[in-house]
Amino acid sequence: MMPGGRRGVARTLAFLLLFFTPACSAHQPAAPRTGADAPMALGVAPSTPPAPRRHQAEGDEADDGDGISTPMAPHSARSAAKGTPIQRGRATYYADKFNGRRTASGERYNPRALTAAHRTLPFGALVDVVRRDGRRVRVRINDRGPFKRGRIIDLSRKAAERIGLIEDGITQVTLELIWKPARGPR
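Described in the following lines is the structure provided in the data block.

Scoring rules and cut-offs
Counting restarts for each chain: residues are numbered from 1 in the order of the written sequence. The predicted nature of this model means local features are confined to residues of pLDDT at least 70 and side-chain atom pairs, given and counted, to a pLDDT of 80 or more, with totals for whole chains, interfaces and linings taken over all residues. Note that water and hydrogens are dropped before the side-chain values are worked out from all heavy atoms of the structure. Secondary structure elements are defined from DSSP: runs of H or I of at least 4 residues count as helices, runs of E of at least 2 residues count as strands, and each element is numbered from the N terminus. Burial classes: relative accessible area under 20% of the type maximum marks a residue as buried, over 50% as exposed, and values in between as partly exposed (1.4 Å probe, protein chains only). Any pair of residues with heavy atoms lying within 4.5 Å of one another is described as a contacting pair. All accessibility values rest on the Shrake-Rupley procedure with a 1.4 Å probe; residue burial counts only the protein chains present in the view. A cavity here means a set of points on a 1 Å grid, drawn over the protein atoms and nothing else, where a 1.4 Å probe fits but cannot get out; a pocket is an open set with protein on both sides within 12 Å along at least five of seven lines, and a residue lines either one if it has an atom within 4 Å of a point. Grid points are joined across faces, edges and corners, and a volume is the space filled by probe spheres set on the points. Each residue is assigned to one class: nonpolar for Ala, Val, Leu, Ile, Met, Phe, Trp, Tyr, Cys and Pro, charged for Asp, Glu, Lys and Arg, and polar for all the others, Gly among them.

1. Overview of the overall build of the protein
Part 1 of the argument: Counting its secondary structure elements, the protein contains four helices and eight strands.
Part 2 of the argument: Going from N to C terminus, the protein has its helices and strands arranged as α-β-β-α-β-β-β-β-β-α-α-β.
Part 3 of the argument: When burial is assessed residue by residue, the protein has 32% of its 186 residues classed as buried.
Part 4 of the argument: Long-range pairs, those at least 24 residues apart, make up 67% of the contacts in the protein between residues at least 6 apart in sequence.
Part 5 of the argument: Per element, the accessible surface of the protein, about 13,000 Å² overall, is 55% carbon and sulfur.

2. What about the side chain of S156?
Part 1 of the argument: Structurally, S156 is set in the loop between β7 (151-155) and α3 (157-162).
Part 2 of the argument: Setting aside chain neighbours within four positions, we find S156 in contact with Y93, Y94, Y109, N110, P111, A113, L114 and T115.

3. Considerations on the layout of surface pockets
Part 1 of the argument: Counted as a void, the second largest pocket has a volume near 180 Å³.
Part 2 of the argument: Lining the second largest pocket are 14 residues, with Y93, Y94, F98, P146 and D154 positioned closest to its centre.
Part 3 of the argument: At the level of elements, β3 (84-93) and β7 are the ones that each hand at least two residues to the lining of the second largest pocket.
Part 4 of the argument: Class assignment for the residues of the lining of the second largest pocket results in seven nonpolar, two polar and five charged.

What follows is the structure, given as structure tokens:
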């Protein structure tokens, strides 16, 4: 075999593959768009302007009047009035001394936000916490814990107030999963 023979064969194969294989679908021109999201063609504007698009990553938030956002599930999960029951156990709430400290997700704990800590649910998951008497609150998971036996969730102060947990300190609840983010690459 001549010196450089393999290199020459490799170059020839690369040339043949590059120029004589069908084009990849990623390099094909896109089909023309029609409807409201089509670009203006020849200076003619569509009959109705397209609605502005909003990024919908983890769900909307609604302001409940006091400037604090309430987590809401994305449109795909809003049709269900109740979520899937996933766990039963005791709920507690964060002590005031944790105000401003970083949670496991990197956010700072805000006692006026509707957030909670759970051992295994992914950050950003939305959960309804339901007491036996029917009072419920929807919270977003942003921390890990509680790590005491028999306890399944730690609520922020505002979430605890919504279900009357402040007076009791600890109560039996059922967790209903409303929405959980898709696992992304890490």
